[in-house]
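This is what each chain is made of:
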Amino acid sequence: MIEPRELPYLQETPFTADHCLKCNICTQACPVVPVTDLFPGPKTVGPQAQRFRDPDLPSPDQSVDYCSGCGICTLVCPHGVRVMEINTQAKAKLAEAKGFSLRNWILGHNAWWGVLGTPFAPLLNWAFRFKPFRWLAEKTLGISARAAFPTWAGYTFRSWWRKREKKRAQPAEDARPVVVYYHGCSTNSYEPRIGKLAVQILEHNGFRVIVPPQACCGLPLQSNGMFAEARRFARKNTSALADYARRGIPIVGTAGSCIMALKGDYEHILGLHDDDTRALAGGIYDISEFLWGLHQQGKLKTDFRPVSAFPPELRALIGDSIVPYHAPCQLKAHGMGRPALDLLDLIPELRVVEMDADCCGIAGTYGYKAEKRQIAEDVGAPLFRRIREIGARLAVCDTETCRWHIAQMSGARVVHPVELLASAYGITADERAMI
Amino acid sequence: MQAETTLNCDVLVIGGGATGAGVLFDLAQRGLRVILAEQNDVATGTSGRYHGLLHSGGRYAVRDPESARECIEENWIVRRIAPHTIEDTGGWFAAFPPDDPAYIPLWLEGCKAVGIPTEPVPLAQALREEPHLNPQAYAIYRVPDAACDSFELIHSLVEAAAALGGVTLTYHRVCAIEKHGGKVIGALLQNRRTGGYVRVHAHAIVNAAGPWAGEVAKLAGADIHMTHDRGVMVAMNVRWVNTIINRLATPDDGDILVPVGTVCVIGTTSVVVERPDDLDIPAREITQMLDAGEVMIPNFRKARALRAWAGVRPLYDPPQKRAGEAEGGVGEDGRFITRSFRALSHADVGAAGMLSIVGGKLTTYRQMAEKISDEVCAYLGVSAPCRTAQTPLPKPTWLGNGGRKLHALTHRLHQLEHAPTHNNLICECEIITRDQLETAIRASGEGVSLDDLRRDLRLGMGPCQAGFCGYRAAGVLGETAHLPPADSIAALATFIEERFRGNRPLLWGHQLRQALLDELIYRRALGVPTPQPEAHAAD
Amino acid sequence: MDDLLIIGAGWAGLSAAAFALHLKPKAKIRVIAQGIGSLVVTPGWLSLLDSAQGEVLAAVRDLAARHPDHPYALAGAEALERAVRLFAQIGAEIELGYQAEPPLYNKRVFTALGSLQTPAILPYGYQGAAQAGERPLFVGFEGWRDYYPSLSGEPHVLIAPPIGARPWDLTPTDYARHFDQPPFRAEVARQVKARLNGATSVAFPAVLGLEHHAETVQSLQDRLGVPVFELPTLPPSVPGARLYNKLRRYLLDRGVRLQIGHPVVRGVREGKRLAGVEVAAAGKPQFFGARAVILATGNLYGGGLFSDDSGRVWEGIFDLPVQHNSDRQTWFSARMLAAEGHAVHRFGIRADAQLKPLAAEGAPLAENLFAAGHILAQPSESPSPFETAEGVALATAYRAAQLALTQP
Ligand SMILES: Cc1cc2nc3c(=O)[nH]c(=O)nc-3n(C[C@H](O)[C@H](O)[C@H](O)COP(=O)(O)OP(=O)(O)OC[C@H]3O[C@@H](n4cnc5c(N)ncnc54)[C@H](O)[C@@H]3O)c2cc1C
Ligand code: SF4
Ligand code: SF4
Ligand code: SF4
């Protein structure tokens, strides 16, 4: 090791405003600024307004509410200002001052709706495609009628997992290294197939996967300003999982933004500075990050079959196009590079190219709000246009809401990297099948 | 020397600091015709360079009870008559490990003797209120300190006087005092913007020239020995505390931290210097302030130091010392000289009717004004009593919108967000709009400099130190005052150098990066002309 | 493991990545930077040696001969010419101009204060100003805080472009996005044309298009019938942002990994070589292995160097010794715009003739670590680093990329 440099001082989010040189690099990069008149930009609502915020008084500025929380400003700032984090904290104070919003409460609690809705999947899936229902939801609640809603799978990943565990004879002596799988709410209720594939990929690489009890990451609550509740979720996760991290058991997840919440937001946005939070942050991995790490140690199985040996449906979607990859903002925030891209590069005949768009626009629950829907569509427009220009019918992205949004807006089918990896390994999972 | 204009009045007041403005208002209220002459803009002397503290008197409770009593008396009065100039932060006296616990009982006793209320603050509560405070503080007491905006106070006084006929001549320097038959009869003023002269006939003259009082007295042939005690203050870009923190110890360097708007200010040093305008800021004094700040706030140094400035205390060094006063020489600590004030008559040198008011604090400006005004009235045979302690001061109105500045941290942001449009923000750091700038330019009249606007509006006082707003302000100035481009550009070049002079001692870390970005803007993007080397001698 | 890992995404870092692609198209290249670098705050033109009177490349060779420790000299005689030729080739591909066919002579460009600057290589927007003796009309936008044509000179006009009632101030980038739209351009041209009054060229603030710059300039020229040119603005610099955006697309399309947002905090050594670097990422440090590393983190402004109130100056990643004055009072001249500049401009690390940064003992820190750009110290008597800003970045980036890809 060469002498470490001193890490930026004043790590606490509000104080990073002190580093701001007003250079406007963030303003120029923010994807929301160009598409709405209502948002003055990260520098203005972030470090600049922060100088005038009194910790004991409600923040006087409303415009910060238009910040989508994508975090690009924090990434592009060369001087270490945590702009997005400052904004998120200010938004929470604003929400607190404004009082209860049923819409934000509903959006914040999607973890519940996922599970509660599962038994009623057919009905709900029908309702969410039923225009008058969506119209009503927009008029009464302010939930955009245009936003793409996922479909309930009708069973949860956890129930699949429990059945599978029961059915399989547990060998008395299992010497395989253990990983914890963190599925997140979306995989649990809407896309169990991703969880199934992830588990099998990990097992294919010689791991024993366990799925201990866990909670929603709390990100939707956090971005809707419900910090107190988000902290309760955070605490559930840290106390359930920190111990695995301490024992050196990796925790691996497939929801890029949830993992970022556990890796960084708990500390820098929710302000949790305890040991459990830090231990978990250090011990959790995005699945691509984890697999790429294995590859760098020469431990990843690379028995990948070429695209020509993929299932016909997927092969047809790929055609002879390049496959656009969108690195979601939340994934860039990990600071781990583009492990998904690195992994996909290992698959013969697959040509994946990273798009130069920063944000697809959806930003979690932001694009589900009626008054922000147009912004969410306009922010992503360059990305959607590029995908259409390329003529791609398949694209790749690591986070769920982004996938749904890009798919809806570009017409391409958008998959999680594990879906391509699984195909290359010859692993399959039937979306509808419980087993 | 031929005077271009002649003015008549009862009393000429020299000096547009808090004291002079206080005298102007006091005498105007007693029905006299008063003119105030100030060589620069008002509030540019010590009063514009002070630490910002409306003292409770606690600081002087042990060694200087007379001054302590004056402070607490006036503290209550100023809160009553000029609440708009005050941010009632409250103050603490806190003892930290290096401080001698034996001082505490002495201090409590001193406070009690002069009537300063004190209330102990348990550490746990203190840390809840001020989470950045050094948790090793071992004794904390609350006192009625407050932050006071001297600038706003002085403008209020000037306006209140104007409503009663009192005239303020800024950029007019008194260059000669005229005597006749053992009395003063007037003075000759030079207009520093036009170079022309004004003759003022007056029956009495008040010398309220602060640290320049010695120089002004000399114009009348009098000799008063002032001690010029320079203090350096540093404003940090983080408002570390919301309460004023004083060290509970014998007054020393860097033992007060004052939250002011978006920043907090540590001060001060105390070095006796030769001249009243020696405002040097040696790097070692900055370091000393940062070290001192760390005793109170452990992370203190980690924030950006945004501004440093120096002021010179107008301390009066009487020929006969009172008990407890020490001899001070150049380079010494001037802290042993009383902060109380004196009124001096110069009849002994054939200048009857000329009175000097020396010493004191900003906090006690009103009492000083009252005392000297009483003497002026006695001399002139006027019997009107002083009513300033009962008269609320108006908010300054000359920038519209019911006062220029607002005294809660969040107000400028609130105002901006709730305006119908939020554009034309010229200085983004301090939230100053084009409207405000134009109004100030018009109100200030011909020859207004960007630095004048800075004082009026805090233009360019934020972290970017005019890197962005300098050009914009020069553009607005040019368009509003219809200046030829060369003049606007020269105004910009001058402003840049003025900001740089204050900033240069603080260039390390992020503030150094800021300076390099600003330089990049000025030199590469804008191509601001390089100053002529000889111009330096002129300022 | 990457073939080349570049730390820094300013002029030096991004051009090193682009040059490396050309030198070795199959190379695996990664750029890691804490934030976007200098492009978005600099005017977007290339200063090679602004004071050069004759042919610029010759003047630079001359400078290098006089100052053997100048970065130009370390980069070697050929580096600058090769770098600018390659840069011009890329500039053409990304449709931003930047012709650089030697012999090169400095051009004349105006600033918003009507001063002249003399960089050597220009994107389209500045090219219209190159002719002397023009009588330009300076055009500003009513109510816009970022450009005051009355300070540029006579004649000048304020027009009212159709921007609607924006509640907040527009940034230069906002205007540039408007100019990307043909109807907006047409309306601007209509208003200007009505007030042209015989002017022989027209100057706008540098906001003539973000994605469609060449097209914007061309269409305005066609409509106005005279050359149109740009004046640099306060940051964000649109010419810089155009270049950044296009370079980013260029690099991503060619498989370069661009990781903006987290700082590299240390090097990991393996004998005499660097095995890779560690990034302060979310949750835990991330290691990135590489066969060669280019350090292009910039000077005290860029973030490669740090300073504190005690007068200490240090390099942030490898703790390389920094050439600097230890007395803080000598860092800056008495005046901000002093003709002689400031001592701090020249602070930097030292490197050998292979651009390998030197450790305290005077030997290279590692065999596969190279430095490029303004993190390199500049000799005290040489021209101001502002004059050679992009030239030094490009020449050293080219040389560093070349050495990094060919080292054993
Ligand atoms: C570092 C420092 C910190 C301080 N902190 C505090 C504090 O926290 N609280 C507090 O209460 N007090 C404080 N003080 C003290 C307080 O600032 C002064 O006592 C007070 O401001 C003096 O006001 P003044 O009007 O007498 O003098 P000044 O404000 O100096 O006014 C004198 C004016 O006279 C003008 N003048 C001089 N010569 C001429 C001439 N020939 N013609 C025309 N005009 C002339 C000058 O330009 C100047 O504007 C501090 C002082 C210093 C130096
Ligand atoms: S937050 Fe960062 S990028 Fe934005 S203006 Fe400040 S320093 Fe520049
Ligand atoms: S988080 Fe995204 S939307 Fe919000 S200010 Fe930053 S860049 Fe803009
Ligand atoms: S993605 Fe995270 S926040 Fe969203 S539902 Fe899943 S676990 Fe909860």
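Draft legend 1. Structural context of the interface of chain C and chain B. The interface is formed by 52 residues belonging to chain C together with 59 residues belonging to chain B. Across the interface of chain C and chain B, roughly 5100 Å² is buried in total on both sides, 60% from carbon and sulfur atoms. Summed over the three residues of chain C that lose the most area to chain B, namely R335, M336 and L337 of chain C, the buried surface amounts to 17% of that side. Taken together, the connections running from chain C to chain B amount to 4 salt bridges. When contributions to the side of chain C that touches chain B are tallied by element, the ones reaching two or more residues are strand 14 (305–307) and helix 10 (389–406) of chain C. Tallied by class, the residues present in the side of chain C that touches chain B amount to 28 nonpolar, 15 polar and 9 charged.

Draft legend 2. Spotlight on the domain arrangement of chain C. Residues and elements named next belong to chain C. Per the domain assignment, the segments making up chain C are domain 1 (4–103 + 241–404) and domain 2 (133–226). Tallying the contact residues gives 6 residues for domain 1 and 8 residues for domain 2. Taking both partners together, domain 1 and domain 2 bury about 510 Å²; carbon and sulfur atoms supply 47% of that area. Of all residues in domain 1, R242, N245 and K246 give up the largest surface area on contact with domain 2, accounting jointly for 76% of the area buried on that side. At the junction of domain 1 with domain 2, the criterion picks out 4 residue pairs in polar contact (both at pLDDT 80 or more).

Draft legend 3. Expanded view of a nonpolar patch on the surface. Residues and elements named next belong to chain A. Side chains of F120, L123, W126, F130 and F133 sit close together on the surface and give an oily, nonpolar patch of about 540 Å² of accessible area. With respect to the helices and strands, the residue W126 is situated in helix 7 (residues 121–129). According to the relative accessible area criterion, W126 is exposed, its value standing at 51%.

Draft legend 4. Representation of the site of ligand 3 within the structure. Residue and element names in this part refer to chain A. Ligand 3 sits among 14 residues. The nearest are C30, C67, C70, G71 and C73. Breaking the shell around ligand 3 down by element, the ones donating at least two residues are helix 3 (72–76) and helix 4 (83–98). Here the shell around ligand 3 is built from residues that sort into 10 nonpolar, 4 polar and no charged.

Draft legend 5. Structural detail: the pairing of strand 18 (residues 263–267) of chain B. Residues and elements named next belong to chain B. Buried residues dominate strand 18, accounting for 5 of its 5 residues. Here strand 18 shows two buried faces, one formed by V263, V265 and G267 and the other by C264 and I266. Two elements, strand 15 (residues 226–236) and strand 18, share 4 bridges in a ladder whose sense is antiparallel. By the bridge assignment, V234 is partnered in strand 18 with I266. Across 5 bridges, the pairing between strand 17 (residues 256–260) and strand 18 is antiparallel. Bridging across to strand 18, V258 finds its partner in V265. Where strand 17 folds back onto strand 18 in an antiparallel hairpin, the turn is made up of 2 residues, including G261, whose phi is positive at roughly 55°.

Draft legend 6. Just the environment of K167 of chain A, in detail. All names here are of chain A. The residue K167 is located in helix 9 (residues 157–167) in this model. We classify K167 as exposed; its relative accessible area is 65%. When the C-alpha atoms of K167 and C30 are compared, they prove to be 50 Å apart, with 137 residues separating the residues in sequence.

Draft legend 7. Fine view of the packing of aromatic side chains. In the structure shown here, the tally under the stated rule is 27 aromatic pairs over all chains. Relative to Y181 of chain A, the ring of F157 of chain A lies with its centre 5.4 Å away and its plane at 75°, an arrangement referred to as edge-to-face. Here the residue F157 of chain A occupies a position in helix 9, and Y181 of chain A occupies one in strand 1 (residues 178–182), the gap between them amounting to 24 residues. Here F157 of chain A and Y181 of chain A have matching classes, each one buried. When the ring of F141 of chain C is compared with that of W144 of chain C, the centres are 5.8 Å apart and the planes differ by 35°; the resulting orientation is tilted. Comparing F141 of chain C with W144 of chain C, the two get one shared label, buried. Sitting over the face of the ring of F306 of chain C, R513 of chain B holds its NZ or CZ atom 5.3 Å from the ring centroid.

Draft legend 8. Region of the structure containing the sheet that holds strand 10 (residues 264–270) of chain C. Residues and elements named next belong to chain C. Spatially, 3 strands are ordered 10-11-12 in an open sheet, and the strand pairing comes out antiparallel. The sheet is open, and its two borders are formed by strand 10 and strand 12 (285–289), each paired with just one other strand. Strand-to-strand twist across the sheet, computed as the mean angle between neighbouring axes with direction ignored, equals 30°. Sheet topology places strand 10 next to strand 11 (residues 273–280); 6 bridges connect them, and they run antiparallel. The partner of G267 across the bridge, within strand 11, is V277.

Draft legend 9. Looking closely at the site of ligand 4. Residue and element names in this part refer to chain A. In the vicinity of ligand 4, the residues found are N110, G184, C185, S186, C216, C217, L219, P220, C258 and E400. Contributions of two or more residues to the shell around ligand 4 are made by helix 10 (184–189) and helix 12 (219–223). Examining the composition of the shell around ligand 4, we find that 3 residues originate from one element, helix 10, more than from any other.

Draft legend 10. Broad picture of unusual backbone geometry. All names here are of chain C. E154 connects to P155 through a cis peptide bond whose omega is -15°. Note that P155 resides in the loop between strand 5 (136–141) and strand 6 (156–159). Of note, the amide linkage connecting P235 to P236 takes the cis form, showing an omega dihedral of 5°. Checked against the element boundaries, P236 lands in the loop between strand 8 (228–231) and helix 9 (238–253). A positive phi is found at D319, a non-glycine position, where the angle reads about 50°. Within the secondary structure, D319 is located in the loop between strand 15 (313–315) and strand 16 (322–323). Overall, the relative accessible area of 39% leaves D319 in the partly exposed class.

Draft legend 11. Quick look at empty space enclosed by the protein. Applying the stated criterion across every chain yields a total of 11 cavities of 30 Å³ or more. What the largest cavity holds in volume is close to 140 Å³. Together, 16 residues line the largest cavity, and P40 and T44 of chain A together with R145, D169 and T171 of chain C are the ones closest to its centre. When residues in the lining of the largest cavity are grouped by element, the largest group, 3 residues, is from helix 2 (residues 42–50) of chain A. Among the residues making up the lining of the largest cavity, the classes are represented as 5 nonpolar, 5 polar and 6 charged.

Draft legend 12. Inspection of the pattern of salt bridges at higher detail. All names here are of chain A. Applying the stated criterion across every chain, the model contains 71 salt bridges over all chains. Between R246 and D243 there is a salt bridge, and its shortest N-O distance comes to 3.6 Å. Of this pair, R246 and D243 both sit in helix 13 (residues 227–246), 3 residues apart, roughly one helical turn. Overall, R246 belongs to the partly exposed group, its relative accessible area being 45%.

Draft legend 13. Examining the nonpolar core more closely. Judged by nonpolar contacts, the single largest core of 284 residues is most densely connected at L48, V192, F204, I294 and F318 of chain C. Broken down by element, this core gets its largest block of residues, 11 residues, from helix 10 of chain C. Apart from residues no more than four positions distant in its own chain, L48 of chain C is found in contact with V56, V60, Y72, L80, V84, L104, A120, I121, E387, T388 and G391 of chain C. Judged by nonpolar contacts, the second largest core, of 50 residues, contains Y181, L294, L317 and L394 of chain A.

The rules behind each value
Residues numbered from 1 in each chain as written. Chains lettered and ligands numbered in written order. Predicted model: local features only at pLDDT ≥ 70, side-chain atom pairs only at ≥ 80, totals over all residues. Heavy atoms only, no water. Contact = heavy atoms within 4.5 Å. Buried area = accessible area lost by both parts, 1.4 Å probe. Salt bridge = Lys/Arg side-chain N within 4 Å of Asp/Glu carboxyl O. Helix = DSSP H or I, 4+ residues; strand = E, 2+ residues; numbered from the N terminus. Nonpolar A, V, L, I, M, F, W, Y, C, P; charged D, E, K, R; others polar. Domains from an automatic or database assignment. Polar contact = N/O pair within 3.5 Å; in protein donor to acceptor, adjacent residues only side chain to side chain. Patch = residues over 30% accessible without salt bridge, like charges linked within 9 Å, V, L, I, M, F, W, Y side chains within 5 Å. Areas by Shrake-Rupley, 256 points an atom, 1.4 Å probe, with all protein chains shown as cover. Buried < 20%, exposed > 50% of the residue type's maximum accessible area, 1.4 Å probe, protein only. Near = heavy atom within 4 Å. Pairing = 2+ DSSP bridges. Phe/Tyr/Trp six-rings, centres within 6.5 Å; stacked < 30°, edge-to-face > 60°. Lys NZ or Arg CZ within 6 Å of the ring centre and 35° of its normal. Axes fitted to C-alpha atoms, helices over the stretch in contact; angles between N-to-C directions. 1 Å grid on protein atoms, 1.4 Å probe; cavity = no way out; pocket = protein on both sides within 12 Å on 5 of 7 lines; lining within 4 Å. Points joined across faces, edges and corners; volume = space filled by probe spheres on them. Core = buried A, V, L, I, M, F, W, Y, C linked by side-chain atoms within 4.5 Å.

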